[in-house]
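This is what each chain is made of:
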Amino acid sequence: MTTTPKTTREGVAFAELRQDVAAIIGDIGYCTMTTVDRHGRPRSRVLIAVWELDHEVPVGWLGTFPTPVKVEHLAHNPHVTTSYWSPSQDVVAVDSVAAWTDDPDVSRHVWELYRRGSPAGCGYDPARFWRGPDDPGFRVLRLDPWRIQVLRGRDLARGVPARIWRGEERP
């Protein structure tokens, strides 16, 4: 008999979600990232973010082109949602605060996370798009989650609610 962790208003510990988050993200790879413009209108795009999940508080990274829409949206409102979904109804939704970083060491670190996959199965060779981590077109967004929701399709079918981790919420 499997017991389901109780989800409270405060949520569950990230350690209780880590394995499912890594498995779902690694299996799906692509997510939609939604930002909001200055008029409150959402905009979604499909991309691949990499994640460091071995911490008490997970951290996400996005190696990306700094498109005008993305730059403007994040300057106005740094809150983003990355959402992963599979046909088996496995879902991970990560609400984060995004911030650009220009630290060359971070860029090299993120480049390597993409190359080796983080979590396993999620990543690609960024050299397909950029010359290297110091390419001016390769910009890095740090994603600091404040809420992660996980739901396995098998749990949905049994009426088991989503499990939610909550970190420090920031305005």
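These lines cover the structure that appears in this document, whether it is placed above or below. Keep in mind the model is a prediction, meaning the values are calculated, not measured. (Residues numbered from 1 in each chain as written. Predicted model: local features only at pLDDT ≥ 70, side-chain atom pairs only at ≥ 80, totals over all residues. Heavy atoms only, no water.)

## Re the pattern of salt bridges
Logical step 1: Under the counting rule described, the total for this entry stands at twelve salt bridges.
Logical step 2: Here glutamate 72 and arginine 38 are joined by a salt bridge, their closest N and O atoms 3.5 Å apart. Residue glutamate 72 is found in helix α2 (residues 68-76), and its partner arginine 38 is found in the loop between β1 (31-36) and β2 (42-47); the two are separated by 34 residues along the sequence.
Logical step 3: On the accessibility criterion, glutamate 72 (41% relative accessible area) is partly exposed.
Logical step 4: Residue arginine 115 pairs with glutamate 112 through a salt bridge whose shortest N-O separation is 3.2 Å. A residue pair is termed a helical-turn pair when its members lie 3 or 4 positions apart in one helix, as arginine 115 and glutamate 112 do in helix α3 (residues 104-116) at three residues.
Logical step 5: Accessibility expressed as a relative area gives 34% for glutamate 112, which makes it partly exposed. (Salt bridge = Lys/Arg side-chain N within 4 Å of Asp/Glu carboxyl O. Helix = DSSP H or I, 4+ residues; strand = E, 2+ residues; numbered from the N terminus. Buried < 20%, exposed > 50% of the residue type's maximum accessible area, 1.4 Å probe, protein only.)

## Details of the environment of alanine 49
Logical step 1: Secondary-structure assignment places alanine 49 in the loop between β2 and β3 (50-52).
Logical step 2: For the pair alanine 49 and glutamine 149, spaced 100 residues apart in sequence, the C-alpha to C-alpha distance is 17 Å.

## Focus: α3
Logical step 1: For α3, which comprises 13 residues, the first-to-last C-alpha distance of 19 Å matches the rise-based estimate of 18 Å (1.5 Å per residue) to within 8%.
Logical step 2: For α3, the complete set of buried residues consists of Val106, Ser107, Val110, Trp111, Leu113 and Tyr114. Seen along its axis, α3 keeps its buried residues to an arc of 160°; they face one direction. When the buried face of α3 is taken as reference, the exposed residues oriented beyond 90 degrees from it are Asp105 and Arg116.
Logical step 3: Check the buried side of α3 and you find it contacts β3, β4 (59-64), β6 (91-101) and β7 (139-151).
Logical step 4: You can read the cap of α3 off the contacts: a side-chain oxygen lies 2.7 Å from the backbone nitrogen of aspartate 105, and it is on aspartate 103.
Logical step 5: Just beyond α3, the residue with positive phi is glycine 117, at close to 85°. (Expected span 1.5 Å × (residues − 1). Arc of directions from axis to C-beta. Contact = heavy atoms within 4.5 Å. Polar contact = N/O pair within 3.5 Å; in protein donor to acceptor, adjacent residues only side chain to side chain.)

## Overview of the pairing of strand β5 (residues 79-85)
Logical step 1: With burial as the criterion, only one face of β5 is covered, namely that bearing Val80, Thr82 and Tyr84; the residues His79, Thr81, Ser83 and Trp85 on the opposite face remain uncovered.
Logical step 2: The pairing of β1 with β5 spans three bridges and is antiparallel. Bridge pairing links threonine 34 to threonine 81 in β5.
Logical step 3: Pairing geometry for β5 and β6, over seven bridges, is antiparallel. The residue bridging threonine 81 from the neighbouring strand is aspartate 95, located in β6. (Pairing = 2+ DSSP bridges.)

By themselves, these observations are geometric and do not establish any function.
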